[in-house]
Each structure stands twice: as structure tokens, then as C-alpha cells.
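Now for the letters of each chain:
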Amino acid sequence: MAISLDDLPLRDDLRGQSPYGAPQKKVRVALNVNENTHPIPEDVARDIVESVAAAVLEVNRYPDREFTTLRESLAAYLGHGLTADQIWAANGSNEVIQQILQAFGGPGRRVLGFPPTYSMHSIISRGVGSEWVEGVRDADFTLSPETVRAEIERTDPDVVFLCAPNNPTGTPMELDVIEAAYDAARGIVLVDEAYAEFMPADRPSAVTLLEGRPRLLVSRTMSKAFAFAGARVGYLAADPVAIDALRLVRLPYHLSSLTQAAAVAALRHSDEMLAMVDDIKAQRDRMVETLTELGYHAWPTWSNFVLFGGVDDPHAVFEALLERGIIVRDLAIEGHLRVSAGTEAETTAFLDAMRDIRLGA
Ligand SMILES: *Cc1c(COP(=O)(O)O)cnc(C)c1O
């Protein structure tokens, strides 16, 4: 007889929880998980393949446990005078976040986030046995220094998550919010900057706040701007002492030599890899403009996606788009859908479909 999860000796605190579940469907235009939909340039791909090929010849040996070359490459990419001892990396920023929570969260500790926000923040928190508590945002999904301070005082967290800019709303976050959170919190403040490259070029990253703030951790990813989601590379900038804490919980050799080789090769071509970012920002701005013309409410965004409201029946619009070979994200925010900026052709296909759906065509 088939058994169910209820029949297994699962941890009590995991009973009734849902796994991460963005649908993975093969469709013509996939704009649902904020990937960079531009393929990586052919010459970059060739360099990556050659680097991976060389690494394969040594794959009988364990990889460099300290992934030194990769940390040097990431430090150089981030700039701001950062050095390799201030950098950490793992298989996606999700793994970086999990290691941070294993070291600084864990059972009996409390993690504060501000929904609607990235669903993995709460899932990873619960996965390591931490209590997840929810702060309340200001109007329009924003977060002021006063509010963040008050919510930290109210909940007394061990770890504070700030998603800057926020997913799934795209909401910008200014550095004064991060400074206020740091001053109010006794624990770790983790700024998730997965979309940093899509911010306006003149806006500073939270890495500029690291000096003198050993409890501040800034996570980044190669999944979004760098078109590297399938390779699984996320990273962190922080005080070297905070990074030492992660060595206590990571599995030895967690970054394979193939991953390290691929990421180092891609970072050699960061200019070319990031050449698409300006185009993606232009497509995102086109989405905001056209959705607004169509009578939807597109929220301000510093990321590579747009959250838009004024959708009477999000599920019906989701299905109508899917029928046309386009997938977006239905996050169960009432009256809203989220769409990732695509290539020019994909963006046009989405906007044409939205116009048809609006006009009942
Ligand atoms: C997409 C995303 C990530 C990326 O996760 P990876 O594991 O690096 O692919 C992290 N944080 C946020 C807020 C995201 O939207």
C-alpha cells in the first residue's frame, strides 16, 4: 500500500510545509523565474567549456576547498577594494543563505523578513529549524528606516533579511534602511542583492557599507544578471570573521572543480556577460510603460522583473498567457502577476498577448 509523508518520522516542524515550487514548463517564452533569457555569447561559452575540460582532467582529485581563484575573481568583479578573504561562494546564493542560517540561525533562533519577499528566505529558515517572523512593510511595499527599526525592536531577531531590491515586488531599497537595520539589530543583517546589477547605475550597493560592520552580510548571485542560473553560483561579501563562521557549517569541497572553473571563466568575460543588462533594463522599462498604458498598475522596480496589479483574475490571465506559449509568475498576491523582462522579441510577445487579453481578443 502506498504510504504518505504522514507515515514517515518527519520532523514535527516540517509537517504541513510546502516545498519551493515555481512551475518548470517547456514553453516558447519563459518569463517566470527572473532568469536572464539572453543566451551567453558563443566565445564566452567556448572559454568556459575549455576551462571545464581542463578541470575534468583533474577531477580525480578533490577541488580547492577554499576556491581561492574564484574568490579572487569575485572580489575583483565586485570592486570597492574588496579582497578574497571578504568573499564566500556556494552553489547558488540559496546555499550561501542556508550556510549563513546554519551558522547564525538554527533551532531556537528567530529570523525576520518582510513579506511579500523571496519565498526561499522563509523556506530556508524553517529548513534549518529557525523561527520565521514577519515584519510589516509601509504602504506600496516600501520600507523606511523608522519602520525597519520598529519591527526589529518588536521582534528581536537573531537574523534580519533585507531583500534589496525586493523580490517579487521590485521595490528599491536605499542604504539608510540598511544602516538603520544594522544599528537596531543585535544579530546578523543579511542584504540579499540578487538583482544589484539591475539597479540604476548611480545607486550604491550595500557592499559600500561593509567597513566597520562585521554583522552585515551582502549576498549576490551569478544566476540573474550573469545568465548563469544553471551553473549554480552565488556569493557573499562580508567581514573575514563572518566568513570564518561559514567554514564551520559548509560541507568540505562544496563547490565542485567544474563549477569553480566555469565561474572563473565566466568572470573573465564579465563585461561581455553584463552587456545584456542594459538591454534587459530597457525591456523592463518598456513593460512598465506598456502595462501602464493598458491600465495595469506596474510597481516601481530596480530589478529585472515587473510586478503589476489591477489584474481582475490573475489565474485566468496566467492561463491565457500560457495558451499563447508564455509563462509568468502567479505569486498569490491578490490582483497581481509578476513577469521577468525578456529579450526584445520575448517582451514584445508578452506585451502583445497582454494587449489581446485586455481587449478580450
Ligand atoms: C533568484 C534569487 C536568488 C538566487 O538564488 P540562486 O540560488 O543564486 O540561484 C536569491 N535571492 C533572491 C531574492 C532571488 O530572487
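What counts as what
Residues numbered from 1 in each chain as written. Predicted model: local features only at pLDDT ≥ 70, side-chain atom pairs only at ≥ 80, totals over all residues. Heavy atoms only, no water. Patch = residues over 30% accessible without salt bridge, like charges linked within 9 Å, V, L, I, M, F, W, Y side chains within 5 Å. Areas by Shrake-Rupley, 256 points an atom, 1.4 Å probe, with all protein chains shown as cover. Salt bridge = Lys/Arg side-chain N within 4 Å of Asp/Glu carboxyl O. Helix = DSSP H or I, 4+ residues; strand = E, 2+ residues; numbered from the N terminus. Buried < 20%, exposed > 50% of the residue type's maximum accessible area, 1.4 Å probe, protein only. Pairing = 2+ DSSP bridges. Contact = heavy atoms within 4.5 Å. Axes fitted to C-alpha atoms, helices over the stretch in contact; angles between N-to-C directions.

A cluster of nonpolar residues, Ile3, Leu5 and Leu8, forms a patch on the protein surface that exposes about 300 Å² of accessible area. Note that Leu8 resides in the segment before strand 1 (29–30). Using a relative accessible area of 41% as the deciding quantity, one classes Leu8 as partly exposed.

Turning our attention to the pattern of salt bridges. In the structure shown here, the tally under the stated rule is 18 salt bridges. When the shortest N-O distance is used, the salt bridge between Glu66 and Arg247 registers 2.6 Å. Taken together, the positions of Glu66 in the loop between helix 1 (42–56) and helix 2 (68–78) and Arg247 in helix 7 (residues 240–247) put the pair 181 residues apart, joining distant regions of the chain. Assessed through its relative accessible area of 22%, Glu66 is described here as partly exposed.

Turning our attention to the pairing of strand 5 (residues 159–163). Within strand 5, 5 of the 5 residues are buried, leaving the element largely enclosed by the surrounding structure. Side chains Val159, Phe161 and Cys163 project from strand 5 onto one buried face, and the interleaved Val160 and Leu162 project onto a second face that is buried too. Bridge count between strand 3 (residues 110–113) and strand 5: 2 bridges; the pairing is parallel. Bridge assignment links Val111 to a residue of strand 5, and that residue is Val159. Both strand 5 and strand 6 (residues 188–192) contribute to a ladder of 5 bridges, which runs parallel. Bridge pairing in strand 6 links Phe161 to Leu190.

Taken in spatial order, the 3 strands make up an open sheet running 9-10-12, and their pairing is antiparallel. The open sheet is flanked by strand 9 (297–298) and strand 12 (337–340), the only strands paired with a single partner. Here helix 10 (residues 275–293) sits on the sheet in contact with strand 9, strand 10 (305–309) and strand 12, set at roughly 15° to strand 10.

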